[in-house]
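# Analysis of the macromolecular model
Here is what each chain is made of, one letter per residue.
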Amino acid sequence: MNEQESRAFSFFLKNGFIKADKESFPVFRKYESCSVLEEMSATIVAAWSFAYNGLYKLIHGWLCSVYFYEGKPVYFAIHRPLSLSEYSLQRIVDILYDLCMEAGLPFLQVKFIEERRLCEFEAIKGYEIKTEFFDSDTEYAYRPSDFLNLSGNVNMSKRHRIKKCSLIEKMTLFPVTNDNIHLCSVIQTEWCGAKECSFCESFSGCEKEALNIMMDIFDDRIYNGLYLYYENKAIGYAIGERRDQNISFLYFGKTTIQNYFVYLIYKMVELYFSDAVYFNMSEDMGNAGLRLFKTHLGKYIAWRKYICTFIKKRL
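In this text, all values refer to a predicted model and were calculated from it rather than measured experimentally.

Rules used in this analysis
- Residues numbered from 1 in each chain as written.
- Predicted model: local features only at pLDDT ≥ 70, side-chain atom pairs only at ≥ 80, totals over all residues.
- Heavy atoms only, no water.
- Salt bridge = Lys/Arg side-chain N within 4 Å of Asp/Glu carboxyl O.
- Helix = DSSP H or I, 4+ residues; strand = E, 2+ residues; numbered from the N terminus.
- Buried < 20%, exposed > 50% of the residue type's maximum accessible area, 1.4 Å probe, protein only.
- Pairing = 2+ DSSP bridges.
- Axes fitted to C-alpha atoms, helices over the stretch in contact; angles between N-to-C directions.
- Contact = heavy atoms within 4.5 Å.
- Polar contact = N/O pair within 3.5 Å; in protein donor to acceptor, adjacent residues only side chain to side chain.
- Arc of directions from axis to C-beta.

The next point concerns the pattern of salt bridges. Counted under the stated rule, the structure contains 18 salt bridges. In this structure, the salt-bridge partner of R80 is E120, at a minimum N-O distance of 2.8 Å. Of this pair, R80 sits in the loop between β4 (75-79) and α5 (89-102) while E120 is found in helix α6 (residues 118-122), placing the two residues 40 residues apart along the sequence. With relative accessibility at 28%, the residue R80 sits in the partly exposed group. The residue K267 makes a salt bridge to E270 at a minimum N-O spacing of 2.5 Å. Here E270 and K267 lie together in helix α12 (residues 261-273), a separation of 3 residues that amounts to about one turn. Assessed through its relative accessible area of 32%, E270 is described here as partly exposed. Overlapping salt bridges bring together R29, E32, E241 and R243 as one network.

And the structure:
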């Protein structure tokens, strides 16, 4: 963090904000049901909190979190109250804006706004509001029925790859459980050994660190996961969640043999997510290789995450 951000971080801590980490997971868990975006899920908030230096505070029933990520403006996420509140979104924005001014920040920026909620933020009075989105932040959602339907020429390569994997006798699948979750770290470490850390961290921070937190909060009554074995060696893992009948998520996943990852995702969807309306694969973070993979994985829906920047109008 630069000097301005460090001062703001200290200011929010002194004004009742608490560090967002795995210990705050139960708090965020209560507030996540209104969202289909992965960045708003309690799991992602907890797992990646170290990378974004997150803080949060309950303000009149609204869960307000603020993040300090290197190279980006300080930004907020606003989670709606669990029950009716006499404090409107307008009032919460006013409170957060005043805090930003006291903290020495130039504006209030709110991120992770779903398109269906955007009009509520743009209707806030008394501010010049700049609305934008970035392709690198857009999340990729797939309908399981589309993903599992491998008909047509467009799916020929995927169909061939999945069929080939399913016929390999030495290829087996096992569920991820509380007892064997540690194996994810073994696979991740091997995968990381073939990558350049500075390149990987430039997109979102160290995924291995985030996975370590994921392993701490993992509960096989909540999460779904699969290990992919080849010749009795674990070569891949995937961890996801079927949150409700509408939405499921793939949070983490890697294979040390690249061509087998599509098969692992396919089996996750088939076994755990097939009757959900959507499963969310999150964004590509501007990584060209990841974008190519996700856009070619199957028919997808691009879910934009909007940003609103508030600057108070002059009287």
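There is more to say, and it comes next.
What follows concerns the sheet that holds strand β8 (residues 171-175). Pairing between the strands of a sheet comes from backbone hydrogen bonds, and it takes one of two forms, parallel or antiparallel. Taken together, 7 strands build an open sheet; the order of strands is β8-β9-β10-β11-β12-β7-β13 and the sheet is mixed. Two strands bound the open sheet, and with one partner strand each, they are β8 and β13 (301-303). Looking at each pair of strands side by side, their axes are set apart by 30° on average, direction ignored. One ladder, built from 7 bridges, connects strand β9 (residues 224-230) with strand β10 (residues 233-242); its direction is antiparallel. Bridging across to β10, L228 finds its partner in G236. In the packing of helix α11 (residues 207-217) onto the sheet, contacts are made with β10 and β11 (247-255), and the angle to β11 comes to roughly 125°.

Inspection of the secondary structure puts K294 in helix α13 (residues 288-295). Among the polar contacts listed, one links the side chain of K294 to the backbone oxygen of M281, at a separation of 2.5 Å. In this structure K294 touches Y140, Y142, M281, S282, E283 and Y300, once residues within four positions along its chain are discounted.

So, about the side chain of S185. Following the sequence through the fold, S185 ends up in helix α9 (residues 183-193). In this structure, S185 is in contact with L211, N212 and M215, ignoring residues within four places of it in sequence.

Bringing unusual backbone geometry into the picture now. Negative phi characterises most residues that are not glycine, and trans characterises most peptide bonds. Backbone geometry places H60, a non-glycine residue, at a positive phi of 50°. For H60, the location among the structural elements is in the loop between β2 (55-59) and β3 (62-67). Of note, M285 is a non-glycine position whose phi angle comes to about 60°, a positive value. With relative accessibility at 29%, the residue M285 sits in the partly exposed group.

This paragraph deals with helix α8 (residues 156-166). When we look at burial in α8, the residues that qualify are K158, I162 and C165. Relative to the axis of α8, the buried residues are bounded by an arc of 65° and lie together on one face. In this structure, α8 carries H160, K163 and K164 as exposed residues pointing more than 90 degrees from its buried face. In this structure, the buried side of α8 is in contact with α7 (144-148), β8 and α12.

With that settled, the discussion passes to the pairing of β4. β4 sits mainly inside the fold: 5 of its 5 residues count as buried. A two-sided burial pattern is seen for β4, the buried positions comprising Y75, A77 and H79 on one face and F76 and I78 on the other. Relative to β4, β3 runs antiparallel, the two being bridged by 5 bridges. In the sheet register, V66 faces β4, and the bridge partner there is F76.

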